Amino acid sequence: MITEDPTLRPTEEDQDICPRVHPETNLLLQLPVQFEYRGENLYYTPVNRPTILAYEGPIRVHAVTRDVATDEQFFEVLFGVRGRAHTITVPRRELAYPGGLIRHLTGRGANISVCNATALVKFLFEYEARNTSSLPERLVSTRLGLLRSGHLVTSTSSSEGNVPYVGPGADQHVPTPDEHAYQCALRNLLDWEGNHALLWLIGQALAAPFLRRLRVRRFPVTYLAGDSNLGKTTAANFATGIWGTPGLAPFSMQATGSTDKGYLQTLETLGGLPVLIDEAHTAGRSGVLDRVTYNFANGQSYTRGTPFTGAQGNTPLGGAMLLVGEAPPSLLYAGSHNRMLILDGNDQLPLGTGAGRASALGAERARLLEDAWERGAGHLGVQVARCVLADWSAFETRVDQLRRTEALRALQDWAHTVAAAQTVLEVLCTQVLRCEVPDQVTHLPGVLAELMTEQRRSSAPTAEVFETLRMLVLQARRETKPWGDSLHTGGALIGWRQGGTWYIITSAMKGQLPKQAVQLHGRRWAAAGWIQPGETTSTQALYCPALMRSVRVLVIPDEALEHEPQL
């Protein structure tokens with residue numbers, strides 16, 4: 001039986017937060033049995049017990065919210081404090097016990113304690129159950145990108161309906177006013193000569209959320225290296241600004257101090273949208289960038305544990321990674337090299353031909369791109385996504401058609417990804433910008449094929465790490481001893497030289513070489529004749545005359561240090 005006393009009406013001041021008809025759905029609202037309003041206050045009458053004050057003021061579930069990314073439900077609770085209405089959205093499970101209710105509402109001024117919390121938990125859940133058809137359902141998302149629900153969510157918009165992003169950093173992202181700002185900038189930059197580097201950044205950023213659905217074999221990782229003031233970060237920010245505010249998490253992060261966990265959690269939150277990793281050259285040779293690059297490019301999943309729910313996640317990674325640095329990346333593994341496209345910004349100018357370092361043309365073009373994202377970040381991606389998702393079969397067919405062409409077959413594992421980027425650029429031109437597809441877009445796969453072929457020919461992590469070791473030895477300070485020369489770096493002994501052989505103490509290489517460098521590359525160094533290995537390992541245990549004890553060393557012949565290593 002519903003307690004409904006016609007003489008007890010909410011005051012005019014409270015009518016908006018304890019109405020009999022929901023103001024949004026215009027449907028009747030009913031109080032649970034055993035609850036009633038007397039004046040402004042909510043009372044509860046337990047079975048065979050006296051009536052108690054449940055809450056001093058009006059309180060109710062105003063709406064039910066569902067997270068389209070996780071399918072978790074939230075209650076939007078509207079309550080009164082000193083005559084004023086307050087709203088808070090809390091996970092449904094958090095309000096299922098008194099402690100959760102106290103933790104979330106009491107801090108907002110609600111008069112809730114152990115005395116009335118149990119009664120209010122009962123009220124809120126029974127109120128929601130009795131008014132399921134009358135309460136509005138709102139959709140939100142704690143993740144970005146193309147979700148399993150079919151929604152594509154950005155930091156400020158969504159491709160279908162109103163699905164706001166409420167995940168990490170959501171409060172920092174403010175919708176920009178000009179939804180045509182990016183279109184104006186793109187019509188300009190499509191005419192720039194030598195703009196293939198920028199077009200590739202834009203293409204992979206636009207295609208990023210669709211790549212997982214296309215089941216590509218390789219998710220793109222692009223490293224743009226070069227001198228400062230070339231426009232590298234500006235170009236990458238423009239690309240990520242297609243989907244969100246450049247420079248803000250989770251669309252941007254600094255390589256300095258970032259961990260595997262930090263990278264992977266950011267990628268999981270983005271849900272396939274592109275990320276910019278700035279100052280990537282500062283990641284050093286810790287191996288973090290190698291592991292993240294390898295796992296991301298392969299689309300491996302990431303699982304995390306929590307003390308409350310155990311293992312969560314197992315979300316497949318995907319999208320696009322844009323890395324910017326002043327020096328080429330220091331990678332340990334050949335697999336990481338093969339999964340990364342490295343663009344030399346000094347040769348492949350980010351802002352096109354003639355827009356080099358500290359040039360007037362470069363400054364002018366940089367201002368154009370910056371103005372576009374300041375006025376219109378986050379709009380273009382949704383505009384293109386609506387076109388792509390409206391006719392997904394046509395998009396998928398065009399991608400499949402392009403990946404089988406001769407120009408793209410030369411890209412091997414990258415063919416599917418580049419075909420997606422080229423197709424989405426065609427959609428951008430024909431359906432959003434309403435212009436013909438320029439030659440630069442048509443010829444982009446051929447340019448990328450040449451760059452990747454040259455990169456694979458010139459990149460060799462095994463040789464690069466040995467070259468680091470070689471330069472370290474050659475630049476070391478030598479002290480002549482009766483038995484030969486001792487080698488020192490920064491005051492520390494790193495090895496010695498006797499006859500025509502160098503002996504480098506492996507324990508002294510910590511911090512000088514990448515972790516596990518000898519284990520990873522020692523066998524190939526030995527095969528190339530650069531070191532003289534032991535019987536079972538790449539190192540040998542020998543007596544050190546400087547320390548007067550046995551140490552583990554790399555034994556390097558003179559001839560290996562005389563010339564730059566070539567495999």
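Thresholds, definitions, all that
Residues numbered from 1 in each chain as written. Predicted model: local features only at pLDDT ≥ 70, side-chain atom pairs only at ≥ 80, totals over all residues. Heavy atoms only, no water. Pairing = 2+ DSSP bridges. Helix = DSSP H or I, 4+ residues; strand = E, 2+ residues; numbered from the N terminus. Axes fitted to C-alpha atoms, helices over the stretch in contact; angles between N-to-C directions. Buried < 20%, exposed > 50% of the residue type's maximum accessible area, 1.4 Å probe, protein only. Phe/Tyr/Trp six-rings, centres within 6.5 Å; stacked < 30°, edge-to-face > 60°. Lys NZ or Arg CZ within 6 Å of the ring centre and 35° of its normal. Salt bridge = Lys/Arg side-chain N within 4 Å of Asp/Glu carboxyl O. Contact = heavy atoms within 4.5 Å.

## A closer look at the sheet that holds strand S21 (residues 540–544)
- Taken in spatial order, the 6 strands of this open sheet run S17-S18-S19-S20-S22-S21, and their pairing is antiparallel. Across the chains shown, the open sheet's two edge strands, defined by having one partner strand only, are strand S17 (477–481) and S21. Neighbouring strand axes in the sheet, compared pairwise and without regard to direction, differ in orientation by 40° on average.
- Examined bridge by bridge, S17 and strand S18 (residues 484–489) share 5 bridges and lie antiparallel to one another. Counterpart to Arg477 in the pairing with S18 is His488.

## Thoughts on the sheet that holds strand S6 (residues 84–91)
- Read from one edge of the open sheet, 4 strands run S6-S5-S4-S7, paired in mixed fashion. Looking along the sheet, the strands with just one partner apiece sit at the ends: S6 and strand S7 (137–140). Neighbour-to-neighbour, the strand axes of the sheet open up by a mean angle of 30°, direction not taken into account.
- The pairing of strand S4 (residues 59–67) with S7 spans 4 bridges and is parallel.

## What about helix H8 (residues 288–297)?
- With respect to burial, H8 is a largely interior element, 7 of its 10 residues being buried.
- Residues of H8 that are buried: Val288, Leu289, Asp290, Val292, Thr293, Phe296 and Ala297.
- Gly299 sits one or two positions beyond H8 and adopts a positive phi of about 70°.

## Some thoughts on the pairing of strand S22 (residues 549–557)
- Judged from the 5 bridges that link them, strand S20 (residues 501–505) and S22 form a sheet pairing that is antiparallel. Paired with Ile504 across the bridge in S22 is Leu554.
- Judged from the 5 bridges that link them, S21 and S22 form a sheet pairing that is antiparallel. Following the sheet pairing, Ala541 is matched in S22 by Arg552.
- Hairpin geometry of S21 and S22 is characterised by an intervening segment of 4 residues between the two adjacent antiparallel strands and by a positive phi of about 55° at Met548.

## Observations concerning the packing of aromatic side chains
- Here the structure, examined in full by the defined rule, presents 13 aromatic pairs.
- For the pair Phe75 and Phe125, a centre-to-centre distance of 5.2 Å together with 55° between the ring planes defines the contact as tilted. Of the two residues, Phe75 sits in strand S5 (residues 73–81) while Phe125 sits in helix H2 (residues 117–130), which places them 50 residues apart along the sequence.
- Aromatic side chains Phe210 and Trp392 sit 6.2 Å apart centroid to centroid with 50° between the ring planes, which places their arrangement in the tilted category. With a gap of 182 residues between them, Phe210 in the loop between helix H4 (196–207) and helix H5 (211–214) and Trp392 in helix H12 (residues 392–403) connect regions that are remote in the sequence.
- Members of the aromatic cluster, joined through ring pairs, are Phe35, Tyr44, Phe123 and Tyr127.
- Positioned above the aromatic ring of Tyr43 is the side chain of Arg38, whose terminal nitrogen or guanidinium carbon lies 5.0 Å from the ring centre.
- Against the face of Trp392 rests Arg213, its NZ or CZ located 4.3 Å from the ring centre.

## Description of the pattern of salt bridges
- Throughout the structure, instances matching the rule amount to 23 salt bridges.
- In this structure, Arg92 engages Glu128 in a salt bridge whose closest nitrogen and oxygen atoms are separated by 3.3 Å. Taken together, the positions of Arg92 in the loop between S6 and helix H1 (98–105) and Glu128 in helix H2 put the pair 36 residues apart, joining distant regions of the chain.
- Measuring nitrogen to oxygen at the nearest pair gives 2.3 Å for the salt bridge that ties Arg103 to Glu94.
- In this structure Glu94 comes out as buried when scored by relative accessible area, which is 15%.
- Through salt bridges that share partners, Glu72, Arg93, Glu94 and Arg103 make up one connected network.

## Side note on the environment of Ala239
- Take Ala239: it is sitting in helix H6 (residues 232–240).
- It is 8.3 Å that separates the C-alpha atoms of Ala239 and Pro274, two residues lying 35 residues apart in sequence.
- Excluding residues that lie within four positions of it along the chain, Ala239 makes contacts with Leu201, Ile202, Ala205 and Leu322.

Purely geometric numbers; function is a separate question.
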